[in-house]
Amino acid sequence: MSVTESSESTETPDVRTTPPGRSTGWAALRPLVLRLHFYAGVLIAPFLLVAAGSGLLYAASYQLERLVYADELRVPVGDGVELPLSQQVENARDAYPEGSISAIRLSPGAGETTRVLLAGVPDVDDDKTLAVFVDPYTGEVRGALEQYGSTGALPLRTWIDELHRDLHLGEVGRLYSELAASWLWVVAGGGLLLFLARWRARRARGAGAAEKRPATGRRRTLGLHGTLGATVAAGLFFLAATGLTWSAYAGANVTELRSSLGQSTPDVSPTIEGAAETTPGHEGHPDVSGEAGGGDRPASGLWVDEALAIARAQGIDNPVELVPPADAESAYVIREVQRAWPTKQDAVAINPNGGEVLDVVRFDDYPLLAKLSRWGIDLHMGTLFGLVNQIALGTLALCLITMILLGYRMWWQRGRGGAFGRPLPRGAWRRVPPALLWPLVACVALVGWFLPLFGVTLLGFLLVDTVLGRVEGAPARFGEGR
């Protein structure tokens, strides 16, 4: 919640003059929470600021995308009668014959284009496809753009997404976003605890005349910072949790945990039972054998119109993505791709040699954690509730940016940015009751193992605090600040 050390530290007696003995409860933990909140605020806040700024851009990217690529995405409805899907695909292949069809995204609604996705196209990265946009009413090819990801991100949104995810630095850059997500919940939780403790202390003292006077200076900044943080704390916890699910290291641990609990996301099998295993032709993308001039039409078996009709009979409804067979022993996979509410993620596999339905997966049958993961990621990305979701994310990002700036302002008001806080003297840990200390240490160690970047940087903070304590002439244990 907060990004610098709270001014509550000015209301706390100097621990150097505190009589020996053990503290209990919050009194024992408060110095540690305060110091951790301060370090995380000063050192982690820059990463959070970048994540919040790029997240704000991403929340607006959906609307920007529809404006920038209006010619490719929107077409006149005309008489409202769509051409057969096979004709739309053949028109796309006539205009762009290179590569192979990896998927076809049908027009999701009136006035929207069909996308024919091509893999293995020269000058298109392996992790992207070339989306060819076809007017479903006239068959006119409206153009082609690179597409990334399952949400169908076009170049503008892809650029913003990569900025938010890894700063366009690849795998190394992903460390920044994982670091931010690993600490966001800690900063928010610590700030919330400090805010609630201060609020309870003020209530216990009563509202005297001094309390009724308008706050000024650093106290006013603290009030704004704390109140705003407490208001949006739940949203920050959510962003941290969902952001970690697809991070590099913590995300791998989450995936492994879900798998061990039998909570992985299911998917239909595209393999026809009894067929020999085959290898896709292009980094996992189907490579459909086609007849000359046939728009990747298979030499035998069902074509896309027939496969789509069978899927419709199974309840598969727009928006729909159709993946053609990878080879003669593989099936069509036709799935719903709507991530708005209610979520539509049903999928079927259809044998192209006869039309039998080989496998069906319904979203209603997903394990609980798979559903929660799907909803959480979509809510984080702004697709679950459409424009309302995007406005909420943008507001949350603005609040986080404001809190970070207020936090640095508090640090500046406290000592013009020169004071880095006073560490606790050696022996401060002994004031914490063992019944509280050792379970806390065990929990922190467990969290540090599950969130490796959090664990490594926390050890770094402890080392820095110890060094600062020795430099200032007071051997230190992680604790209270000035």
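What you see is a predicted model, and the numbers here were worked out from it, not measured in a lab.

Definitions and cut-offs
Residues take numbers from 1 onward in each chain, read along the sequence in its written order. Confidence filtering applies because this is a predicted model: local features only for residues at pLDDT of at least 70, side-chain atom pairs given and counted only at 80 or more, and all residues used for totals across whole chains, interfaces and linings. Water and hydrogen atoms were dropped before computing side-chain values, which therefore reflect all heavy atoms in the structure. At least two DSSP bridges between two strands are required for those strands to pair. Only DSSP runs of H or I with at least four residues qualify as helices, and only runs of E with at least two residues qualify as strands; both kinds are numbered from the N terminus onward. The convention used is that axes are lines fitted to C-alpha atoms, helices contributing only their stretch in contact, and that angles between N-to-C directions extend from 0 to 180 degrees. We call two residues contacting when some pair of their heavy atoms lies within 4.5 Å. The term salt bridge refers to a pairing of a side-chain nitrogen on Lys or Arg with a carboxyl oxygen on Asp or Glu at a separation within 4 Å. With a 1.4 Å probe rolled over the protein chains alone, any residue whose accessible area is under 20% of its type maximum counts as buried; one over 50% counts as exposed, and the rest are partly exposed. A residue's pLDDT is simply how confident the predictor is in it, with values from 0 to 100. UniProt positions are given in the numbering used here, feature names are shortened, and annotations may be inferred rather than shown by experiment. In protein, a polar contact requires one atom able to donate a hydrogen and another able to accept it; more generally it is a pair of N or O atoms within 3.5 Å, and residues adjacent in sequence count only if both atoms are side-chain atoms. Only buried residues count toward a nonpolar core, which is a set of Ala, Val, Leu, Ile, Met, Phe, Trp, Tyr and Cys residues joined through side-chain atoms within 4.5 Å. Start and end points for every domain follow an automatic or database-based domain assignment. What counts as a ring pair is set by centres within 6.5 Å for rings of Phe, Tyr and Trp (its six-membered ring), and what kind of pair is set by the plane angle: stacked under 30 degrees, edge-to-face over 60, tilted for all other angles. Geometrically, a lysine NZ or arginine CZ counts as sitting over a ring once it is within 6 Å of the ring centre and also within 35 degrees of the ring normal. When residues are sorted by character, Ala, Val, Leu, Ile, Met, Phe, Trp, Tyr, Cys and Pro go into the nonpolar class, Asp, Glu, Lys and Arg into the charged class, and all the rest, Gly among them, into the polar class.

Novice: Just checking my understanding: could you explain the sheet that holds strand β8 (residues 357-361) for this structure?
Specialist: Two strands in a sheet stick together by hydrogen bonds in their backbones, pointing the same way (parallel) or opposite ways (antiparallel). Taken in spatial order, the eight strands of this open sheet run β4-β3-β2-β1-β5-β6-β7-β8, and their pairing is antiparallel. At either end of the open sheet lies a strand with only one pairing partner, and these are β4 (141-148) and β8. Adjacent strand axes in the sheet meet at a mean angle of 20°, parallel and antiparallel pairs treated alike. Judged from the five bridges that link them, strand β1 (residues 100-105) and strand β2 (residues 114-119) form a sheet pairing that is antiparallel. The residue of β2 that forms the bridge with S100 is A119. Strands β1, β5 (320-323), β6 (332-336), β7 (347-350) and β8 of the sheet are contacted by helix α9 (residues 304-313), whose axis makes an angle of about 50° with β6.

Novice: How should the environment of L118 be read in this particular structure?
Specialist: Secondary-structure assignment places L118 in strand β2. Linking L118 and Q147, residues 29 residues apart in sequence, is a C-alpha distance of 9.7 Å. Excluding residues within four positions of it along the chain, L118 makes contact with R93, Y96, E98, S100, I101, S102, T129, L130 and V132.

Novice: Honestly, the pattern of salt bridges in this entry has me stumped. Any pointers?
Specialist: For side chains of opposite charge, pairing can occur when their charged atoms come near one another. Under the counting rule described, the total for this entry stands at 16 salt bridges. The closest approach of N and O atoms between R312 and D317, which form a salt bridge, is 4.0 Å. When its relative accessible area of 33% is taken as the criterion, R312 is described as partly exposed. A residue is classified by how much of its surface remains accessible, and D317, at 41% relative accessible area, is partly exposed. Across the pair D346 and R362 runs a salt bridge, and its minimum N-O distance is 3.4 Å. You can see D346 sitting in the loop between β6 and β7 and its partner R362 sitting in the loop between β8 and α10 (368-381), a full 16 residues away along the chain.

Novice: How should I be thinking about unusual backbone geometry in this particular structure?
Specialist: Most peptide bonds are trans, and most residues other than glycine sit at a negative phi. Here the amide bond leading from N318 into P319 is cis, since omega sits at -5°, within 30 degrees of zero. Inspection of the secondary structure assignment puts P319 in the loop between α9 and β5. Unlike most non-glycine residues, L167 shows phi in positive territory, near 60°. By the element assignment, L167 lies in the loop between α4 (155-166) and α5 (174-205). Of note, the phi angle at H168 is positive, near 60°, even though the residue is not glycine. According to the relative accessible area criterion, H168 is partly exposed, its value standing at 34%.

Novice: Hey, could you run me through the confidence of the model for the protein chain in this one?
Specialist: As a general rule, the predicted coordinates of low-pLDDT regions are not to be interpreted in detail. Per-residue confidence for the protein chain gives a mean pLDDT of 85, with 82% of residues at or over 70. Scored below 50 in pLDDT, residues 2-19 makes 62 contacts in the model with residues more than four places away or belonging to other chains. Note that residues 276-295 has pLDDT below 50 and, in this model, 41 contacts with residues that lie over four places away or in other chains.

Novice: Got a minute to help me understand the UniProt feature "transmembrane region" (unreviewed entry) in the protein chain in this structure?
Specialist: UniProt tags residues 38-60, 182-201, 222-249, 384-406 and 436-464 as "transmembrane region" (unreviewed entry). Secondary structure across residues 38-60 comprises 100% helix and 0% strand; the distance between its end C-alpha atoms is 32 Å. Along residues 182-201 one finds 100% helix and 0% strand; the C-alpha atoms at either end are 30 Å apart.

Novice: Looking at this model, I keep getting lost on the side chain of S61. Mind explaining?
Specialist: Mapped onto the secondary structure, S61 falls in helix α1 (residues 25-68). Side-chain polar atoms of S61 contact the backbone oxygen of Y58, separated by 2.6 Å. The contact partners of S61, leaving out residues within four places of it in the chain, are R157 and I160.

Novice: Any chance you could explain the pairing of strand β3 (residues 128-134) here in plain terms?
Specialist: Consecutive side chains of a regular strand alternate in pointing toward one face of the sheet and then the other. Within β3, seven of the seven residues are buried, leaving the element largely enclosed by the surrounding structure. Relative to β3, β2 is paired through five bridges, and the arrangement is antiparallel. When the bridges of β3 are listed, L117 appears paired with A131. Inspection of the sheet shows β3 paired to β4 by seven bridges, in the antiparallel sense.

Novice: Help me out: how do you make sense of the nonpolar core in this one?
Specialist: One recurring pattern in soluble globular proteins: nonpolar side chains tend to sit buried together. Grouped together as the largest cluster of nonpolar side chains are 36 residues, with contacts concentrated most on I44, W183, L184, L236 and L400. Of the residues that make up this core, three or more belong to each of domain 1 (33-71 + 159-205 + 218-265 + 387-422) and domain 4 (433-469). Excluding residues within four positions of it along the chain, W183 makes contact with L36, A40, I44, L453, F454, T457, L458 and F461. Core analysis: the second largest hydrophobic core is formed by 26 residues, L106, V116, V121 and V134 among them.

Novice: Sorry, what's going on with the packing of aromatic side chains here?
Specialist: Ring pairs (aromatic) are described by centroid distance and by the angle formed between their planes. Per the stated rule, a full pass over the model turns up 13 aromatic pairs. Between W185 and F454, the ring centres sit 5.9 Å apart and the planes meet at 45°, which makes this aromatic pair tilted. Placement of W185 in helix α5 and of F454 in helix α13 (residues 452-471) is noted, with a sequence separation of 269 residues between them. A ring pair is formed by F363 and W375, whose centres lie 5.7 Å apart and whose planes are at 65°; its orientation type is edge-to-face. On the criterion of sequence distance, the pair formed by F363 in the loop between β8 and α10 and W375 in helix α10 is long-range, its members being 12 residues apart. For F363, a relative accessible area of 5% translates into the label buried. Here a set of aromatic residues connected by ring pairs shows up, and it is made of F38, Y39, W183, W185, Y408, W411, F454 and F461. For the cation-ring pair, K371 lies above F363, with the distance from its terminal atom to the ring centre recorded as 5.9 Å.

Novice: Would you mind going over the packing of α4 against α5 with me for this structure?
Specialist: Between two packed helices, both the angle of their axes relative to each other and the distance between the axes serve to describe the pair. Taken N-terminus to C-terminus, the directions of α4 and α5 make an angle of 65°; their axes are 6 Å apart at the nearest point. Contacts from L163, H164, R165 and D166 in α4 reach R174, Y176 and S177 in α5. For the contact of α4 with α5, the class distribution of residues is two nonpolar, two polar and three charged.

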